[in-house]
Amino acid sequence: MEVAERIGPRAGRPSGAWRKWLRRDPVAVGAIAVLVGIMAAAASAPVLPLANPDTPHFGERLLAPFAGGFVLGTDQLGRDVLSRLVWGARVSLVVGAAASLIASTCGSMAGMIAGLAGGKLDNVLMRLIDLMLSFPYVILTIALVAVLGPGLFNAMIAIAVANVSYFARNIRGNVLTLLGQGYVEASRAVGARTGRLLLRHILPNLVPPLLVLVSMNIGWMITETAGLSFLGLGAQPPQADWGSMLGDGRQFVTVDPYVTLIPGVAILLLVLALNILGDALRDLLDPRLRGR
Amino acid sequence: MIAFLVRRMLAMLLTLVGVSIVVFGMLHAVPGDPAQIMLGPEADAHALQALRHELGLDQPVYVQYVRWLRNLLRGDLGTSIVLRRSVFGEVMQRYDHTLLLALAAIVVSFAGGITIGVVSAIRRGSLFDRTAILLATGGLSLPSFWFALVLIVVFSLKLRWLPGTGMASAVNGGGVVDTVRHLVLPAVALAVIPLAVIARYTRSAMLEVSNQDYVRTARAKGLPERVVTVHHAFKNTLVVLITMLGLQTGFLLAGAVYIENVFSWPGIGQMLVNGILTRDFPLVQGGVLIVATTYVVINVITDIAYVYFDPRVRLS
């Protein structure tokens with residue numbers, strides 16, 4: 001038992017690797033800065049000196065940035081775009097993170113159960129996953145929203161469910177690889193039970209691939225949430241996320257392109273930062289895929 | 001090869017049965033009474049009962065499924081609640097429009113993606129290569145619905161080069177030139193993300209192939225660089241590209257949901273969103289079914305093409 005445990009690799013790396021990585025990859029550092037900036041603004045929205053995001057100023061509709069004292073201008077109802085952007089960030093971030101959490105938790109559980117149990121259970125679970133994958137991703141989300149009905153909460157659930165298959169498949173693959181490793185076999189040979197194998201060898205070694213999977217996927221989920229809100233299937237007024245700001249401003253694109261330009265750039269920046277970070281994290285934790 | 005084809009066809013049939021069960025089940029997974037949701041809270045009891053009967057909701061589930069499937073095979077997908085006309089007719093009419101858009105986007109994304117990917121790989125590390133990689137990462141993060149709006153603002157509203165909505169002009173519309181003019185912006189908007197993906201894959205596949213012995217041998221024989229690139233390197237990346245074709249077609253069909261709504265393109269995607277907003281379930285079911293079926297069939301074709309074009313797989 002002792003030997004088997006000592007030769008098993010430990011999850012994570014010494015902190016020196018992180019520091020070296022940051023120095024080598026300035027783009028990733030920029031991405032972190034953007035991400036931290038957006039999260040800090042979203043978190044401190046109630047204490048920032050912002051106008052009320054829902055108060056209309058009917059005399060000052062569709063102002064361009066910096067006009068009339070509104071830094072990013074006003075929207076079609078004369079509401080402060082900067083304030084709506086900051087408050088909307090809270091919605092977009094929370095919904096994206098929650099969908100990601102639900103999808104990764106459920107997907108990993110299904111993947112682990114399938115990988116560890118094997119046999120019939122594995123077969124049934126994988127056929128179900130295959131069935132989900134026989135629908136294009138956006139169509140599956142749309143079908144789920146159709147069933148649940150439009151709304152931000154339902155959109156989040158739909159996006160989470162549509163992404164379960166992605167996590168389940170990948171985690172199952174990782175579990176099967178780990179089960180074939182020498183140190184797992186050794187541990188099993190000296191009498192370790194499934195529970196101990198799971199806690200000691202499987203779970204810790206699933207953390208890095210799971211982190212990579214989440215970071216590669218969360219940008220998609222945020223775009224998808226914004227997309228559903230844009231179509232009117234997500235956030236319903238008066239609640240607004242970046243997607244619905246974009247969708248509402250769309251009719252006024254001829255008069256004032258900024259109302260749609262600004263939330264769009266915000267989504268692009270956030271998702272780009274997340275994707276760059278995802279790539280960097282993958283390179284760091286999964287060197288086999290580096291430069292792909 | 002024959003055995004493989006038969007096996008693959010059987011698997012496809014099974015998948016399609018699974019898809020049909022999921023689509024059929026959509027109506028039954030609705031929390032609450034589907035008839036009530038479709039007709040709204042003010043509907044009278046009589047109308048509700050009539051709709052339940054029309055949808056077959058007053059019968060056991062398996063009877064409903066068999067009936068639904070039998071009608072489906074006859075080309076009957078029920079009647080749209082809002083439009084009061086055959087769902088099958090509506091779906092088929094719009095399906096052509098979506099296929100046209102998807103096909104145009106496939107051409108744009110593959111032509112652009114392969115060119116950029118190959119040039120990037122040949123000039124690895126050059127300014128072009130580095131810019132292309134950066135743009136590809138940006139392209140992957142681009143919300144397509146927003147990019148579509150930007151295209152409309154720039155090319156339709158400001159420059160007035162191309163129309164930004166619909167499929168045909170109101171006056172003298174409908175000709176080939178008119179349709180193509182309407183097609184350009186939506187096709188580009190739909191193609192941008194697949195283009196980025198394909199450029200990245202082509203580049204990495206080209207780089208991988210360039211390290212193979214046969215490429216080195218070809219160079220050592222003194223063949224011109226152009227011949228080596230096209231005949232030895234690029235030809236061998238085609239297998240990867242075929243796989244991409246299947247994957248990206250699914251993406252394009254689904255991505256059309258956003259693009260069609262921005263450009264008011266009268267396709268399946270626009271119909272799906274309208275159907276969800278008006279809670280017209282038969283219409284949504286029809287749309288989901290046709291897109292999923294197309295996706296399954298295209299994946300089978302991709303699989304077969306993959307085996308056919310890769311002698312290593314074909315002969316083993």
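Here is what the cut-offs are and how they apply
All chains use their own residue numbering, which begins from 1 and follows the written sequence. Labels are handed out in written order, letters beginning with A for the chains and numbers beginning with 1 for the ligands. Local features are withheld for residues below a pLDDT of 70 in this predicted model, meaning they are given only at 70 or higher, and side-chain atom pairs are given and counted only at 80 or more; totals for whole chains, interfaces and linings count all residues. Each side-chain value is derived from all of the structure's non-hydrogen atoms; neither hydrogens nor water enter the calculation. Each helix is a run of DSSP H or I of at least 4 residues and each strand a run of E of at least 2, with the numbering of both proceeding from the N terminus. Every accessible area reported is derived by Shrake-Rupley at a probe size of 1.4 Å, with residue values counting cover from the shown protein chains alone. As used throughout, the charge tally considers Lys and Arg to be positive and Asp and Glu to be negative, leaving His and the chain termini uncounted. Note on charges: their place is set at NZ of Lys, CZ of Arg, CG of Asp or CD of Glu. Only buried residues count toward a nonpolar core, which is a set of Ala, Val, Leu, Ile, Met, Phe, Trp, Tyr and Cys residues joined through side-chain atoms within 4.5 Å. Relative accessibility thresholds used throughout: buried, under 20% of the residue-type maximum; exposed, over 50%; partly exposed, between the two (1.4 Å probe, protein chains only). The contact criterion used throughout is that any non-hydrogen atoms of two residues lie within 4.5 Å. Note on definitions: salt bridges are taken to be side-chain nitrogens of Lys or Arg within 4 Å of carboxyl oxygens of Asp or Glu. Two N or O atoms form a polar contact when they lie within 3.5 Å of each other; inside protein one atom must be a possible hydrogen donor and the other a possible acceptor, and for residues adjacent in sequence the pair counts only when both atoms belong to side chains. Angles run from 0 to 180 degrees between N-to-C directions of axes, and those axes are lines fitted to C-alpha atoms, restricted for helices to the stretch in contact. Here roughly perpendicular refers to angles of 65 to 115 degrees, roughly parallel to angles under 35, roughly antiparallel to angles over 145, and oblique to all remaining angles. Helix crossings fall into two classes, left-handed where the near helix is turned counterclockwise from the far one by less than a right angle and right-handed where it is turned clockwise. Amino acids are sorted into nonpolar (Ala, Val, Leu, Ile, Met, Phe, Trp, Tyr, Cys and Pro), charged (Asp, Glu, Lys and Arg) and polar (every other residue, Gly among them). Patch membership is restricted to residues that have no salt bridge and whose relative accessible area is over 30%. Joining uses 9 Å for like charges and 5 Å for the nonpolar side chains Val, Leu, Ile, Met, Phe, Trp and Tyr. Once two parts are brought into contact, the accessible area they lose, counted with a 1.4 Å probe and summed over both, makes up the buried area. Here pLDDT means the predictor's own confidence in every residue, given as a number from 0 to 100. For this analysis, a ring pair means two rings from Phe, Tyr or Trp (six-membered ring only for Trp) whose centres lie within 6.5 Å, classed as stacked if their planes differ by under 30 degrees, edge-to-face if by over 60, and tilted for the remaining angles. One less than the number of residues in a helix, times 1.5 Å, gives the span that helix is expected to have.

Here's the deal with the overall build of chain B
On a plain count of helices and strands, chain B comes out with 13 helices and zero strands. Listing each helix as α and each strand as β along chain B from the N terminus yields α-α-α-α-α-α-α-α-α-α-α-α-α. By principal-axis analysis of the C-alpha atoms, chain B measures approximately 85 × 55 × 35 Å. Total accessible area on chain B stands at roughly 15,600 Å², and carbon and sulfur atoms take up 66% of it. Across chain B, the centroid of the 25 positively charged side chains sits 12 Å from that of the 17 negatively charged ones.

Let's talk about the nonpolar core
In terms of nonpolar packing, the biggest core is built from 150 residues, with Ile142 and Trp242 of chain A together with Val288 of chain B touching the most fellow members. Residues contacting Val288 of chain B, with those up to four places away along its chain left out, are Phe135, Ile139 and Ala143 of chain A together with Val23, Met26 and Leu272 of chain B.

Things to note about the pattern of salt bridges
By the definition in use, this model includes eleven salt bridges over all chains. The partner of Arg200 of chain B in a salt bridge is Asp279 of chain A, with the nearest N and O atoms 3.8 Å apart. Here Asp279 of chain A lies in helix α11 (residues 258-285) and Arg200 of chain B lies in helix α8 (residues 176-210), a pairing that spans two chains. Taking the shortest distance from any N to any O, the salt bridge between Asp129 of chain B and Arg203 of chain B comes out at 2.8 Å.

Brief notes about the environment of His28 of chain B
Residues and elements named next belong to chain B. The residue His28 is located in helix α1 (residues 2-29) in this model. Accessibility expressed as a relative area gives 33% for His28, which makes it partly exposed. Linking His28 and Val61, residues 33 residues apart in sequence, is a C-alpha distance of 8.8 Å. At a separation of 3.0 Å, a polar atom in the side chain of His28 contacts the side chain of Gln64.

Digging into the packing of helix α7 (residues 152-179) of chain A against helix α9 (residues 194-230) of chain A
Residue and element names in this part refer to chain A. Taken N-terminus to C-terminus, the directions of α7 and α9 make an angle of 155 degrees; their axes are 9 Å apart at the nearest point. What the angle tells us is that α7 and α9 run roughly antiparallel. Both α7 and α9 take part in a crossing whose hand is right-handed. Taken together, the residues of the contact of α7 with α9 break down into 18 nonpolar, eight polar and one charged.

Examining a positive patch on the surface
Where like charges cluster on the molecular surface, the positive patch consists of Arg19, Lys20, Arg23 and Arg24 of chain A. Mapping Lys20 of chain A onto the fold places it in helix α2 (residues 15-24).

Remarks on the interface of chain B and chain A
Every contact between the two is made by 43 residues of chain B and, on the other side, 42 residues of chain A. Carbon and sulfur atoms make up 79% of the surface buried where chain B meets chain A, a total of about 3,600 Å² over both sides. In terms of surface lost to chain A, no three residues of chain B exceed Trp146, Tyr258 and Ile276 of chain B, which account for 17% of the buried area on that side. Here chain B is connected to chain A by one salt bridge. Linking chain B to chain A there are five residue pairs in polar contact (both at pLDDT 80 or more). Looking at the side of chain B that touches chain A, the elements with two or more residues in it are α1, α6 (127-141), α7 (144-158), α8, α10 (225-263), α11 (268-277) and α12 (281-309) of chain B.

Examining the confidence of the model for chain B
All names here are of chain B. In this model, chain B carries a mean pLDDT of 84, and residues with pLDDT of at least 70 account for 97%. The element-level mean pLDDT for chain B is lowest in helix α13 (residues 311-314), coming to 69, with helix α5 (residues 87-122) highest at 91. Among the scores for the predicted complex, ipTM is 0.83 and pTM is 0.83.

Observations regarding the confidence of the model for chain A
Averaged over all residues, the pLDDT of chain A equals 81, while 86% of them reach at least 70. Within chain A, α7 of chain A carries the highest mean pLDDT (91), whereas helix α1 (residues 2-7) of chain A carries the lowest (43).

Focus: the packing of aromatic side chains
Under the counting rule described, the total for this entry stands at eight aromatic pairs over all chains. Each ring, one from Phe24 of chain B and one from Tyr65 of chain B, has its centre 5.2 Å from the other, and the planes form 65 degrees; the classification is edge-to-face. Here Phe24 of chain B is found in helix α1, whereas its partner Tyr65 of chain B is found in helix α4 (residues 61-73), with 41 residues between them in sequence. Ring geometry for Phe155 of chain B and Trp161 of chain B: centres 5.9 Å apart, planes at 40 degrees, overall tilted. The class for Trp161 of chain B is exposed, based on a relative accessible area of 54%. In this structure an aromatic cluster arises from ring pairing among Phe230 of chain A together with Phe145 and Tyr258 of chain B.

Some words on the side chain of Arg279 of chain B
Among the secondary structure elements, Arg279 of chain B is positioned in the loop between α11 and α12. Of the side chains with opposite charge, Asp280 of chain B lies nearest to the buried Arg279 of chain B, which makes no salt bridge, at 9.8 Å. At 2.7 Å, the side chain of Arg279 of chain B forms a polar contact with the backbone oxygen of Ala146 of chain A.

Some remarks on unusual backbone geometry
Residues and elements named next belong to chain B. One non-glycine residue, Arg160, lies in the positive phi region at around 55 degrees. Its place among the elements puts Arg160 in the loop between α7 and α8. On the accessibility criterion, Arg160 (67% relative accessible area) is exposed. Within the chain, Arg279 stands out as a residue other than glycine whose phi angle is a positive 55 degrees.

Brief notes about the environment of Arg169 of chain A
The residue Arg169 of chain A is located in helix α7 in this model. If near-sequence neighbours (up to four positions away) are discounted, Arg169 of chain A is found in contact with Ile129, Asp130 and Leu133 of chain A.

Brief notes about α10 of chain B
Taking 1.5 Å per residue as the helical rise, α10 of chain B with its 39 residues ought to reach 57 Å, whereas the 44 Å between its terminal C-alpha atoms falls clearly short. Count one or two residues on from α10 of chain B and you reach Ser264 of chain B, which has phi positive near 50 degrees.

A word on α4 of chain B
Residues and elements named next belong to chain B. In this model α4 runs 18 Å from its N-terminal to its C-terminal C-alpha over 13 residues, within 8% of the 18 Å that 1.5 Å per residue would give. Tucked into the core, α4 has its buried residues touching α1, α3 (45-55) and α12. Gly75 lies just past α4 and shows a positive phi near 80 degrees.

Re the side chain of Asp122 of chain A
All names here are of chain A. Tracing the backbone through its elements, the reader meets Asp122 in helix α5 (residues 119-133). On the basis of relative accessibility, which here comes to 12%, the residue Asp122 falls in the buried class. With residues near it in sequence (within four places) discarded, Asp122 still touches Ala114 and Arg172.

Examining a nonpolar patch on the surface
All names here are of chain B. On the surface, Val108, Val176, Val180, Val184 and Val188 cluster together into a nonpolar patch covering about 360 Å² of accessible area. The element contributing the most residues to the nonpolar patch is α8, with four residues. Along the chain, Val184 turns up in helix α8.

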